[in-house]
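Notes for the structure review
Spelled out from the first residue to the last, the chains are:
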Amino acid sequence: MSEIHIRPACSVRPATAADDAALAELDRSTWSTLHAVMPRPQPPYEPFFDDRHTPEDFLVAESENAAGEPGIAGYVRVVPPTPLACNAHVRQIQGLAVAEWARGRGVARTLLRAACAAARDDGANRMTLRVLGHNAPARALYASEGFVVEGVLPGEFFLDGRYVDDVMMGRSLAP
């Protein structure tokens, strides 16, 4: 009988202020023009959390790395898209990252599902996000989780020597 390898599951929890350094390192290590519109971070590095990015906005995935040590495998940021009362039923994903060592284990999918569940529990009935048009892996993941393209801003960003579309996606959070 051949040996069966089961990928370790990840758990998701709210972020805490103590996660600042680990999330900052994860953010820097996963930076890519595939998903980032801001320039590559350069030292001296800013803290991960600030007035506009608080621990309450983030869910963190934890898993064991190849050495069997627990670590932060990824994060998702979920916030109201505007401060308007008439838009309070919507949440928006404004960042999702998965550590290189944790890719292919379902961490991003788990984070997406946890984000939708948390938003639903918070009274939201709709989730939106923006993704770069050339980020085919992310777009495929979002589509497989029920997100549909609701708009495209053609050539909205100039990244790595080319114009890139900004794709808006959304889904209902109704059960």
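Structural notes, computed from the coordinates. (Residues numbered from 1 in each chain as written. Predicted model: local features only at pLDDT ≥ 70, side-chain atom pairs only at ≥ 80, totals over all residues. Heavy atoms only, no water.)

1. Examining the overall build of the protein chain
Operational definition: Helix numbers and strand numbers start at the N terminus; a helix is a DSSP run of H or I with at least 4 residues, a strand a run of E with at least 2. C-alpha atoms define the radius of gyration, and 2.2 Å times the number of residues to the power 0.38 defines the globule rule. To sort residues, take the accessible area from a 1.4 Å probe on protein chains only and compare it with the maximum for the residue type: under 20% means buried, over 50% means exposed, and anything in between is partly exposed. Residue contacts follow a heavy-atom distance rule, with two residues in contact if any of their heavy atoms lie within 4.5 Å.
Summing up its helical and strand segments, the protein chain has 3 helices and 7 strands in all. Going from N to C terminus, the protein chain has its helices and strands arranged as β-α-β-β-β-α-β-α-β-β. Taking 16 Å as the expected radius of gyration for a compact globule of 175 residues, we find that the protein chain reaches 17 Å, a close match to that expectation. Taken over the C-alpha atoms alone, the protein chain extends approximately 50 × 40 × 40 Å along its principal axes. In the protein chain, buried positions account for 37% of the 175 residues. Within the protein chain, contacts between residues at least 6 apart in sequence are counted, and of these 63% link residues at least 24 apart.

2. A word on helix H2 (residues 107-121)
Rule in force here: By definition here, a helix of n residues has an expected span of 1.5 Å times n minus one.
Spanning 15 residues, H2 covers 21 Å between terminal C-alpha atoms, matching the ideal 21 Å at 1.5 Å per step. Within H2, burial applies to Val 107, Ala 108, Leu 111, Leu 112, Ala 115, Cys 116 and Ala 119. Residue Gly 123 follows H2 closely and has a positive phi angle near 100°.

3. Re the layout of surface pockets
Threshold: With a 1 Å grid laid over protein atoms only, a set of points is called a cavity when a 1.4 Å probe fits there but cannot get out and a pocket when it is open yet has protein on both sides within 12 Å along at least five of seven lines; lining residues have an atom within 4 Å of a point. Grid points are joined across faces, edges and corners, and a volume is the space filled by probe spheres set on the points. In the scheme used here, Gly and all other residues not listed as nonpolar or charged are polar, with Ala, Val, Leu, Ile, Met, Phe, Trp, Tyr, Cys and Pro taken as nonpolar and Asp, Glu, Lys and Arg as charged.
A volume near 240 Å³ is recorded for the second largest pocket. Elements that contribute at least two residues to the lining of the second largest pocket include exactly strand S2 (58-64), strand S3 (70-79) and H2. Taken together, the residues that form the lining of the second largest pocket break down as 12 nonpolar, no polar and 4 charged.

4. Details of the sheet that holds strand S1 (residues 11-14)
Worth spelling out the cut-off: Think of it this way: DSSP has to see at least two bridges between two strands before they count as a pair. Between N-to-C directions, angles cover 0 to 180 degrees, with each direction set by a line fitted to C-alpha atoms, over the stretch in contact for helices.
Across the sheet, which stays open at both edges, the 7 strands sit in the order S1-S2-S3-S4-S5-S7-S6 with mixed pairing between neighbours. The open sheet is flanked by S1 and strand S6 (148-159), the only strands paired with a single partner. Averaged over all pairs of adjacent strands, the angle between their axes in this sheet comes to 25°, without regard to strand direction. Summarising the sheet, strand S5 (residues 126-132) and strand S7 (residues 162-172) pair through 7 bridges and their orientation is antiparallel. The residue bridging Val 131 from the neighbouring strand is Val 167, located in S7. In the packing of helix H1 (residues 20-29) onto the sheet, the strands contacted are S2, S3 and strand S4 (90-98), and the crossing angle to S3 comes to about 85°.

5. Side note on the nonpolar core
Soluble globular proteins tend to pack their nonpolar side chains together in the buried interior. As a reminder of what qualifies: Residues grouped as a nonpolar core are buried Ala, Val, Leu, Ile, Met, Phe, Trp, Tyr and Cys residues, joined through side-chain atoms within 4.5 Å.
Counting residues in hydrophobic clusters, the biggest one holds 39 residues, and the most contacted among them are Leu 23, Ile 93, Val 107, Met 127, Tyr 142 and Phe 147. When contributions to this core are tallied by element, the ones reaching two or more residues are H1, S2, S3, S4, H2, S5, helix H3 (136-144) and S7. In terms of residue count, H2 provides more of this core than any other element does, 7 residues in total. Excluding residues within four positions of it along the chain, Val 107 makes contact with Cys 10, Ala 61, Ala 73, Gly 74, Val 98 and Ala 102.

Remember, this is a structural readout, not a statement about activity or role.
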